Amino acid sequence: MKIYLNGTFVDEAKAVVSVFDHGLLYGDGVFEGIRSYDGLIFKLREHIDRLFESAHTIMLPIPLSREELIEVVKQCLRLNRLRDAYIRLVVTRGEGDLGLDPRKCLNPTVFAIADKIELYPKKLYEQGLSLITVATQRNVPEALNPQIKSLNYLNNILAKIEAINAGYEEAIMLSHSGYVTECTGENLFIVKGKQLLTPPPYVGVLRGITRQTVMELARLHHTKGAGRGAGLEAREELLTRHDLFNAEEVFLTGTAAEIVPVVKIDGRVIGNGKPGPATKRLQQGFRRLTKTAGIRY
Ligand code: PXG
């Protein structure tokens, strides 16, 4: 496997960073997870834009332009002869001393890994997930804004550990005030009647690119009106656990997982306990989009 590291492509064994890298010492860095489908990179521009926004907020200068980074991603996929892949793009503060001071880090570390996509088991999509809410609250945006896709995922990992300890694969995290936010690496949606609802960013969720895509897909069906679709009205709204328990359908969205149906939450059966029709329709629409909308390499 060839990995991009600071300007060159190197073998896996040579793709190493310093123990003084502040990405490692402090989680001081940003990243993106990107997918390619049959030779097309999905929503590449959106991922690159979000990476630059995350970096801008933490005042981390990315030493490559947007176009250069796009070329890195494409080259990484080509060199590894990958058509269906997961790409991890990372920029860290770089090497410094043992103190926090980012001014001591003169050269940001940039790397990109393209690997075969590890698909989740088919069973997950056919039967749906069972989730629990956990005690670990999502970061308060005023303390650490989840829009910064930083290398510091301990908040999410702590929630994931709680779910695993309880025998579940994934956790629902609540806000400081007890509102629903998101899962540890996926956004959350509910369907109720003709409404598709997801928590607003200010409650403390990442504005997921899959989330955005799904909202657009739902609205598209809506404006097209009747026929097969008779679509959904997509909106951001504060949600409680009560709203989740009494939804007709619940699903998660993320770059890696795409759209995952949820059939049980904290022991409450959602809808009829099976993946619902709106979820299935959106999955089909999403799959169609991945086959046509990406950037070729
Ligand atoms: N919320 C959080 C907190 C995330 O980290 C999403 C939502 C979904 O966003 P996108 O843009 O991908 O639709 C993410 C995604 C993984 C994994 O292995 C996913 C993410 C980060 C790290 C690992 O599934 N981010």
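Owing to the predicted nature of the structure, the values given are computational and were not obtained by experimental measurement. All residue numbers refer to positions counted from 1 along the written sequence of the respective chain. Given that the model is predicted, a residue must reach a pLDDT of at least 70 before its local features are reported, and side-chain atom pairs must reach 80 or more before they are shown or counted; all residues, however, enter totals for whole chains, interfaces and linings. To get the side-chain values, take all heavy atoms of the structure and skip hydrogens and water.

Engineer: Looking at this structure, I do not really get the overall build of the protein. What am I missing?
Structural biologist: A run of DSSP states H or I qualifies as a helix once it reaches four residues; a run of E qualifies as a strand once it reaches two. Both are numbered from the N-terminal end. Across its full length, the protein holds 8 helices and 16 strands. By the compact-globule yardstick of 19 Å for 297 residues, the protein fits well, its C-alpha radius of gyration being 20 Å. With respect to the three principal axes, the spread of C-alpha positions in the protein is 55 × 40 × 30 Å. Exposed residues in this analysis have more than 50% of their type's maximum accessible area, buried residues have under 20%, and partly exposed residues fall in between, with area computed by a 1.4 Å probe over protein chains only. In the protein, which comprises 297 residues, the share counted as buried stands at 51%. C-alpha atoms define the radius of gyration in this analysis, and the globule rule sets the expected value at 2.2 Å times the number of residues to the power 0.38.

Engineer: Please explain the pairing of strand S11 (residues 195–198) as it appears in this structure.
Structural biologist: Look at any regular strand and the pattern is simple: side chains alternate between the two faces of the sheet. Pairing between two strands requires that DSSP report at least two bridges joining them. Pairing between strand S10 (residues 187–192) and S11: 3 bridges, direction antiparallel. Bridge pairing in S11 places Ile-190 opposite Leu-197. Between S10 and the antiparallel strand that follows it, S11, lie 2 residues; Gly-193 among them carries a positive phi value of about 60°. Sheet topology note: the S11/strand S12 (residues 233–236) ladder contains 4 bridges and is parallel. Counterpart to Gln-195 in the pairing with S12 is Glu-233.

Engineer: Honestly, the site of the ligand in this entry has me stumped. Any pointers?
Structural biologist: With respect to spatial proximity, 21 residues lie near the ligand, and among them Lys-149, Tyr-153, Glu-182, Thr-210 and Thr-255 are the closest. Any pair of nitrogen or oxygen atoms within 3.5 Å is treated as a polar contact; in protein, a donor-acceptor pairing is required on top of that, and neighbouring residues in sequence qualify only through side-chain atoms on both sides. Between an oxygen atom of the ligand and a main-chain N or O atom of Ile-209, the distance comes to 2.7 Å. Exposure was quantified through the Shrake-Rupley algorithm and a 1.4 Å probe, taking into account, for residues, occlusion by the shown protein chains and nothing else. In isolation the ligand offers 550 Å² of accessible surface; the protein chains occlude 86% of this area. Those elements that place two or more of their residues in the shell around the ligand are helix H6 (209–224) and strand S13 (249–254). A per-class count over the shell around the ligand returns 6 nonpolar, 9 polar and 6 charged. Residues lining the shell around the ligand come from more than one domain, with at least three contributed by each of domain 1 (2–115) and domain 2 (122–292). Each residue is tested against the molecule or strand, and it is near if at least one of its non-hydrogen atoms lies within 4 Å. Three residue categories are used. Nonpolar comprises Ala, Val, Leu, Ile, Met, Phe, Trp, Tyr, Cys and Pro, charged comprises Asp, Glu, Lys and Arg, and polar comprises the others, including Gly. An automatic or database domain assignment supplies the start and end points of every domain.

Engineer: I keep staring at the packing of helix H2 (residues 44–57) against helix H3 (residues 66–79) and nothing clicks. Help me out?
Structural biologist: To describe two helices that pack against each other, one gives the angle between their axes and the distance between the axes. Where helices are involved, their axes are fitted lines through C-alpha atoms of the stretch in contact, as for all axes, and angles between N-to-C directions lie from 0 to 180°. The geometry of H2 relative to H3 is characterised by a closest axis approach of 11 Å and an angle of 125° between their N-to-C directions. Viewed along their axes, H2 and H3 adopt a mutual orientation that is oblique. Crossing angle aside, the handedness with which H2 passes H3 is right-handed. Residues Leu-44, Arg-45, Ile-48, Asp-49, Leu-51 and Phe-52 of H2 pack against Arg-66, Glu-67, Leu-69, Ile-70 and Val-73 of H3. Residues of the contact of H2 with H3, tallied by class, amount to 7 nonpolar, no polar and 4 charged. With respect to orientation, any angle under 35 degrees is reported as roughly parallel, any angle over 145 as roughly antiparallel, any angle of 65 to 115 as roughly perpendicular, and every other angle as oblique. Crossing handedness: left-handed means the near helix sits turned counterclockwise from the far one by under a right angle, and right-handed means the same turn made clockwise. Any two residues whose heavy atoms approach within 4.5 Å are treated as being in contact.

Engineer: Any chance you could explain the sheet that holds strand S3 (residues 29–37) here in plain terms?
Structural biologist: Each strand in a sheet pairs with its neighbour through backbone hydrogen bonds, running either in the same direction (parallel) or in the opposite one (antiparallel). Taken in spatial order, the 7 strands of this open sheet run S2-S1-S6-S5-S3-S4-S16, and their pairing is antiparallel. Single-partner strands in this sheet number two, and they are strand S2 (8–11) and strand S16 (295–296). The pairing of strand S1 (residues 2–5) with strand S6 (residues 109–116) spans 2 bridges and is antiparallel. Its bridge partner lying in S6, Leu-5 is registered against Phe-111. Together, S3, strand S4 (40–41), strand S5 (85–92) and S16 form the strand contacts of H2, whose direction differs from that of S3 by roughly 175°. Sheet contacts for H3: S1, S2, S3, S4, S5, S6 and S16; angle to S6, the most-contacted strand, approximately 35°.

Engineer: Which parts of the structure should I look at to understand the domain arrangement of the protein?
Structural biologist: One frequently used descriptor of interface size is the decrease in accessible area upon assembly of the parts. When its domains are assigned, the protein resolves into domain 1 (2–115) and domain 2 (122–292). Taking only C-alpha atoms, the centre of domain 1 and the centre of domain 2 are 27 Å apart. Tallying the contact residues gives 23 residues for domain 1 and 21 residues for domain 2. Taken together, the two surfaces of domain 1 and domain 2 that pack against each other cover about 1,700 Å², and 66% of this comes from carbon and sulfur. Note: buried area is the sum, over both parts, of the accessible area (probe 1.4 Å) each one loses when the two are combined. Per-residue buried area on domain 1 facing domain 2 is highest for Phe-31, Phe-42 and Arg-50; these three make up 34% of the total on that side.

Engineer: Explanation requested: the pairing of S6 in the structure shown.
Structural biologist: Two strands pair when backbone bridges link them, and S5 and S6 are joined in this way by 8 bridges, in the antiparallel orientation. The residue of S6 that forms the bridge with Arg-88 is Ile-113.

Engineer: Quick question: what am I supposed to make of the pattern of salt bridges here?
Structural biologist: Pairs can form between side chains of opposite charge once their charged atoms are near each other. Only one rule defines a salt bridge in this text: a Lys or Arg side-chain nitrogen within 4 Å of an Asp or Glu carboxyl oxygen. Throughout the structure, instances matching the rule amount to 16 salt bridges. Here Glu-71 and Arg-78 are joined by a salt bridge, their closest N and O atoms 3.2 Å apart. Of the residues examined, Glu-71 reaches a relative accessible area of 38% and is grouped as partly exposed.

Engineer: So what exactly am I meant to see when it comes to the nonpolar core here?
Structural biologist: General note: in soluble globular proteins, nonpolar side chains tend to be found buried as a group. Ranked by internal contacts, the top residues of the largest apolar core, which has 28 residues, are Val-30, Leu-69, Leu-77 and Leu-89. Listing elements by their share of this core, those giving two or more residues are S3, H2, H3, S5 and S6. The next biggest cluster of nonpolar side chains, apart from the first, holds 21 residues, and it includes Leu-124, Cys-183, Ile-190 and Ala-247. Think of a nonpolar core as a cluster: buried Ala, Val, Leu, Ile, Met, Phe, Trp, Tyr and Cys residues, connected wherever their side-chain atoms sit within 4.5 Å.

Engineer: I tried to follow unusual backbone geometry on my own but got confused; where do I start?
Structural biologist: Most peptide bonds take the trans form, and the phi angle of most residues other than glycine is negative. You will see that Asn-6, though not glycine, has its phi angle at about 45°, which is positive. As for its placement among the helices and strands, Asn-6 is situated in the loop between S1 and S2. At Lys-43, a position not held by glycine, the phi torsion is positive, near 55°. On the accessibility criterion, Lys-43 (17% relative accessible area) is buried.

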